[in-house]
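Residues per chain are reported as follows:
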Amino acid sequence: MEIILFKLAFAFCLLSTAGYLLSLLIKKVVPAKISTWILVIAFGFLTINLFLVMVNPAGYIKIGSREFFSFCAWVVAGVYLAFQMKTKTRILGSFISPIILLLMIAAAGRESGRSLVPEDMLGWLTLVHLVLVVAGEALFILASCAGAMFIIQNSLLKHKKSSHMSRLLPALHDLDRINHLGLLWGFPVLTLGLFAGIVFAGYTWESGWPGDPKVIWTSAAWAAYGFLLHQRLAIGWKGIRMAVISCAVFILLLLSYSGVRFCFSTLHDFV
Amino acid sequence: MIALIGLNHKTAPLAVREKLFAGCQEESDLPVRLTAVCGIREAMFLSTCNRIEILTRIDGQEETLYKLRDFLAASGGLTPEEARDCLYLYCDENAVRHLFRVAASLDSLVMGETQILGQVKDAYRRALEKNSTGAVLNRLLHRAFRTAKRVRSETAIAVNPVSVSFAAVTLAKKIFGSLTGKEVLVIGAGEMAELTGMHLVANGISGIIIANRSQAQASVLAEKFHGRAVSLEALREALTEADIVISSTGASSYIVSADLIRQVHHQRKNRLLFLIDIAVPRDIDPQAGAVENVYLYNIDNLQDIVDENMNARKKEALKAEAIVEEEVKNYINWVKELDAVPTIVLLRNKVEEIVRLELVKAGSWMKDMNETERQKVEILINSIVNKLLHNPVTVLKEESSEFKSADIVALTRQLFRLDE
């Protein structure tokens, strides 16, 4: 049952991404609107899928890479759809949906079924850590996507290019607000998630974990976004500067995470 | 026959349009008087600042067309020469095409403007109130509205602004999204700045500050917009508050320097700033546009956008013309079907189909009957149906030679839902 739901969610994600990219290609907002509803359906299937994983008859939560990555996709999609209700900037999906699709591809990859979290480590603290860290990073992804769109729109307006693309992209002020909200909500959520992880590691792993590459990079992400939020709230950074730095930090973190995954051994690798 | 007579901004000078407009405005019952003219069955009168037109269904006699022209000329007090030179007359397919193009704003002074459709709808509403339209014009007008709607939704003819002030407002929305709660600073009290300010006020900005060398002139404009007037010396404070700045003074050097913008930008906490410089020579240092989060557009930039949009509209107009042609063809096909013979055939086919379906349904309880009984039932049904159809068909045949047959045919098609 779970596998059918996962496949349906995957198919709808694929369809939604195609729709969003088509919208960007033909520079019309209608495919983006339809794609938003397709993503809502995918989100629905994924929700049921994850619910069934949670209440499985075995009585414990099995977190394999499929569950983990589909959970990440679910959070990113959920955060994006919640933003949609508030901002109505559907074209943002053209930037977010490929990320959701990538997470779904990772979930469907050949490693699927591998247990990421050993059973003895499962507990409410691990779950809180996982949920909050993923949700926090999803909000950062959203903030960075809004930043990328800001850079494009800013360039079109500065160079006086009244193109279809400019009409399709949301207003600068709206994009800046999405970036602001992404950071404002993402930072405390990630902080709480990290805190839960630290408490858990302190009890379970006792030593060695502060030097773990994944912990170091996540702390770096936390510090980088904390710096951005500070500059925005206290110094008053806005607009293009925030957009550029958000994107730069996001790219840097993406590269770093990939590096950690492929080049270092980490305590977070539960083979 | 459908006939359309009138004049517009392309065929008549303003003086003639004014004269005809004034003459026709006094006549509130014009459609009724028109239908009273011998040979005119239905009529609608359209009057806007750029066109005055009468749309009618007439009996097809050439004499009626002359009467129609004389009627319009007399209503507006036009001389015979003016009537000959300025009035245009379209019949049947050309009249339909012209009406569809007018409703779709392809014949407007500013192509793609949206006001004309509302004006045609108003004219139709007035005609309906006076009961001066019938089946043919009703259908024609609904088709015209449908055409206009298709042109609006299937082409981008009305998407891009084609005036400098509208282009400025559109850009402001591209920067700020909603303009609600935004503050506008107008430097100088020029006509263009006033017009742009007016558009911005209409789009919901919260406050307007007028800065001018002459405080008295600034106060007059500020009062008009319910804003406040400041002197040019207080420009720095005003720039700190403003989100949008429109400048159009006659000054020979820059009023707003790039340094000033850099200085106030920190005080403004890096908020987005939209500068519109419509003065010649320019009021705002072009270097100000290089400052972070500042967007500077001068009159040439805005005019380029307008020109680009106008060209885009012309391209879209080609698509719109294709839609108009398609709708004209559909309408003409419908009119042709208003001949009595196809309607009679359709009516008979529909009734025969009903009889056939009912006999199939009755098959279950008729299965006990023998062949002879079954044939008798069918003969009885056909006989009843033929008797019921006899009178409508006879009337349709008799009236087909008459001018008013279109009404009866249209009514029959509506009563029996033959167009579905």
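Residues numbered from 1 in each chain as written. Chains lettered and ligands numbered in written order. Predicted model: local features only at pLDDT ≥ 70, side-chain atom pairs only at ≥ 80, totals over all residues. Heavy atoms only, no water.

### What about empty space enclosed by the protein?
Working step 1: For the structure shown, the criterion picks out 2 cavities of 30 Å³ or more.
Working step 2: If you trace the largest cavity, you find it lined by Ala103, Ala104, Ser105, Gly112, Glu113, Thr114, Ile116, Leu117, Ala148, Arg152 and Ile157 of chain B.
Working step 3: Every element with two or more residues in the lining of the largest cavity is listed here: helix 6 (115-129) and helix 7 (135-154) of chain B.
Working step 4: A breakdown of the residues in the lining of the largest cavity according to their chemical character gives 6 nonpolar, 3 polar and 2 charged.
Working step 5: Each pocket or cavity is described by its volume, and for the second largest cavity that value is around 40 Å³.
Working step 6: Taken together, Ala146, Gly147, Phe150, Leu175, Asp176, Asn179, Arg232, Gly239, Met242 and Ala243 of chain A make up the lining of the second largest cavity. (1 Å grid on protein atoms, 1.4 Å probe; cavity = no way out; pocket = protein on both sides within 12 Å on 5 of 7 lines; lining within 4 Å. Points joined across faces, edges and corners; volume = space filled by probe spheres on them. Helix = DSSP H or I, 4+ residues; strand = E, 2+ residues; numbered from the N terminus. Nonpolar A, V, L, I, M, F, W, Y, C, P; charged D, E, K, R; others polar.)

### What about the interface of chain A and chain B?
Note on interface size: it is often stated as the accessible area lost on association of the parts.
Working step 1: Chain A puts 21 residues into the contact, and the matching count from chain B is 26 residues.
Working step 2: Counting each side, the surface lost to burial between chain A and chain B is near 1,700 Å², with a carbon and sulfur contribution of 51%.
Working step 3: When the buried surface of chain A facing chain B is broken down by residue, Leu157, Lys158 and Lys160 of chain A rank first, second and third, together holding 32% of it.
Working step 4: The partner of arginine 241 of chain A in a salt bridge is glutamate 292 of chain B, and the shortest N-O contact between them spans 3.1 Å.
Working step 5: Scanning the region where chain A abuts chain B turns up 15 residue pairs in polar contact (both at pLDDT 80 or more).
Working step 6: Of all the elements in the fold, those that place two or more residues in the side of chain A that touches chain B are helix 5 (124-158), helix 6 (164-168), helix 7 (172-204) and helix 9 (239-263) of chain A.
Working step 7: Among the elements that make up the side of chain A that touches chain B, the one with the highest residue count is helix 5 of chain A (6 residues). (Contact = heavy atoms within 4.5 Å. Buried area = accessible area lost by both parts, 1.4 Å probe. Salt bridge = Lys/Arg side-chain N within 4 Å of Asp/Glu carboxyl O. Polar contact = N/O pair within 3.5 Å; in protein donor to acceptor, adjacent residues only side chain to side chain.)

### Considering a negative patch on the surface
Working step 1: A contiguous patch of negative charge, built from Asp300, Asp304, Asp307 and Glu308 of chain B, is present on the exposed surface.
Working step 2: One can find glutamate 308 of chain B in helix 13 (residues 299-336). (Patch = residues over 30% accessible without salt bridge, like charges linked within 9 Å, V, L, I, M, F, W, Y side chains within 5 Å. Areas by Shrake-Rupley, 256 points an atom, 1.4 Å probe, with all protein chains shown as cover. Lys, Arg positive; Asp, Glu negative; His and termini not counted. Charge placed at Lys NZ, Arg CZ, Asp CG, Glu CD.)

### Some remarks on the packing of aromatic side chains
Working step 1: Following the criterion strictly, the structure yields 11 aromatic pairs over all chains and no others.
Working step 2: An angle of 35° between the planes, with centres 6.5 Å apart, marks the rings of phenylalanine 6 of chain A and phenylalanine 10 of chain A as tilted. Placement of both phenylalanine 6 of chain A and phenylalanine 10 of chain A in helix 1 (residues 2-26) is noted, with a separation of 4 residues, approximately one turn of the helix.
Working step 3: Linked through ring pairs, Phe43, Phe71 and Trp74 of chain A together constitute an aromatic cluster.
Working step 4: Looking at lysine 160 of chain A, its charged tip hangs above the ring of tyrosine 297 of chain B, at a distance of 5.0 Å from the centre.
Working step 5: Between the NZ or CZ atom of arginine 241 of chain A and the centre of the ring of tryptophan 237 of chain A, over which it lies, the distance is 5.2 Å. (Phe/Tyr/Trp six-rings, centres within 6.5 Å; stacked < 30°, edge-to-face > 60°. Lys NZ or Arg CZ within 6 Å of the ring centre and 35° of its normal.)

### Some details on the pairing of strand 3 (residues 51-58) of chain B
All names here are of chain B.
Working step 1: For strand 3, the buried fraction is high: 8 of the 8 residues fall into the buried class.
Working step 2: Taking every second residue as pointing to the same face, both faces of strand 3 are buried, with Arg51, Glu53, Leu55 and Arg57 on one and Ile52, Ile54, Thr56 and Ile58 on the other.
Working step 3: Summarising the sheet, strand 1 (residues 2-8) and strand 3 pair through 7 bridges and their orientation is antiparallel. Bridge assignment links leucine 7 to a residue of strand 3, and that residue is isoleucine 52. (Buried < 20%, exposed > 50% of the residue type's maximum accessible area, 1.4 Å probe, protein only. Pairing = 2+ DSSP bridges.)

### Let's talk about the side chain of glutamate 183 of chain B
Residues and elements named next belong to chain B.
Working step 1: Summarising the element assignment, glutamate 183 is placed in strand 5 (residues 183-187).
Working step 2: Although glutamate 183 is buried, it forms no salt bridge, and the closest oppositely charged side chain is arginine 228 at an N-O distance of 4.6 Å.
Working step 3: Glutamate 183 has contacts with Ser206, Gly207, Ile208, Ile209, Glu241, Ala242, Asp243 and Ile244, leaving out every residue within four places of it along the chain.

### Points about the pattern of salt bridges
Residue and element names in this part refer to chain B.
Working step 1: Going through the model one piece at a time under the given rule, you end up with 25 salt bridges over all chains.
Working step 2: Residue arginine 57 is joined to glutamate 42 by a salt bridge in which the shortest nitrogen-to-oxygen separation is 2.7 Å. Here the residue arginine 57 occupies a position in strand 3, and glutamate 42 occupies one in strand 2 (residues 40-47), the gap between them amounting to 15 residues.
Working step 3: Taking the shortest distance from any N to any O, the salt bridge between glutamate 154 and arginine 150 comes out at 2.9 Å. Within this pair, glutamate 154 and its partner arginine 150 are both found in helix 7, separated by 4 residues, close to a single helical turn.
Working step 4: What makes glutamate 154 partly exposed here is its relative accessible area of 43%.
Working step 5: When salt bridges that share partners are traced, they join Lys10, Arg51, Glu53, Arg101, Asp107 and Glu321 into one network.

### Regarding the packing of helix 7 of chain A against helix 8 (residues 213-235) of chain A
Residue and element names in this part refer to chain A.
Working step 1: At a closest axis distance of 10 Å, the pairing of helix 7 and helix 8 adopts a crossing angle of 135°. Considering their axes alone, helix 7 and helix 8 lie oblique with respect to each other. Between helix 7 and helix 8 the crossing geometry is left-handed. Within the contact between the two elements, helix 7 uses Asp176, Asn179, His180, Leu183, Leu184, Phe187, Leu190, Thr191 and Leu194 and helix 8 uses Thr218, Trp222, Tyr225, Gly226, Leu228, Leu229, Arg232 and Leu233.
Working step 2: A breakdown of the residues in the contact of helix 7 with helix 8 according to their chemical character gives 10 nonpolar, 5 polar and 2 charged. (Axes fitted to C-alpha atoms, helices over the stretch in contact; angles between N-to-C directions. Parallel < 35°, antiparallel > 145°, perpendicular 65-115°, else oblique. Left-handed = near helix turned anticlockwise from the far one by under 90°.)

### Some words on a nonpolar patch on the surface
Working step 1: A contiguous nonpolar patch, built from Ile3, Ile4 and Leu8 of chain A and spanning about 230 Å² of accessible area, is present on the exposed surface.
Working step 2: Inspection of the secondary structure puts isoleucine 3 of chain A in helix 1.

### Regarding the nonpolar core
Working step 1: Membership of the largest hydrophobic core comes to 97 residues, with the highest contact counts inside it found for Ile244 and Phe274 of chain B.
Working step 2: Counting residues per element, this core draws most heavily on helix 5 of chain A, which supplies 15 residues.
Working step 3: Once residues within four sequence positions are removed from consideration, phenylalanine 274 of chain B is found in contact with Ala168, Leu171, Ala172, Ile175, Phe176, Asp243, Ile244, Val245, Tyr295 and Tyr297 of chain B.
Working step 4: Core analysis: the second largest hydrophobic core is formed by 38 residues, Leu55, Ala103, Ala123 and Leu141 of chain B among them. (Core = buried A, V, L, I, M, F, W, Y, C linked by side-chain atoms within 4.5 Å.)

### Describing the environment of glycine 227 of chain B
Residue and element names in this part refer to chain B.
Working step 1: Here glycine 227 shows up in the loop between helix 10 (215-224) and strand 7 (228-231).
Working step 2: C-alpha separation for the pair glycine 227 and leucine 185, spaced 42 residues apart in sequence, amounts to 9.7 Å.
Working step 3: With near-sequence residues (within four places) excluded, glycine 227 lies in contact with Ile208 and Ala222.

### Remarks on helix 13 of chain B
Working step 1: The first and last C-alpha atoms of helix 13 of chain B sit 53 Å apart over 38 residues, in line with the 56 Å expected at 1.5 Å per residue.
Working step 2: A side-chain oxygen of the first residue of helix 13 of chain B lies 3.0 Å from the backbone nitrogen of aspartate 300 of chain B; this N-cap is asparagine 298 of chain B. (Expected span 1.5 Å × (residues − 1).)

### Describing the packing of helix 6 of chain B against helix 7 of chain B
Residues and elements named next belong to chain B.
Working step 1: The N-to-C vectors of helix 6 and helix 7 enclose an angle of 160°; their axes lie 11 Å apart at closest approach. As the angle between them shows, helix 6 and helix 7 are arranged roughly antiparallel. Viewed along their axes, helix 6 and helix 7 form a crossing whose handedness is left-handed. Along its contact with helix 6, which presents Leu117, Val120, Lys121, Tyr124 and Leu128, the element helix 7 presents Asn138, Leu141, His142, Phe145 and Ala148.
Working step 2: For the contact of helix 6 with helix 7, the residue count by class is 7 nonpolar, 2 polar and 1 charged.

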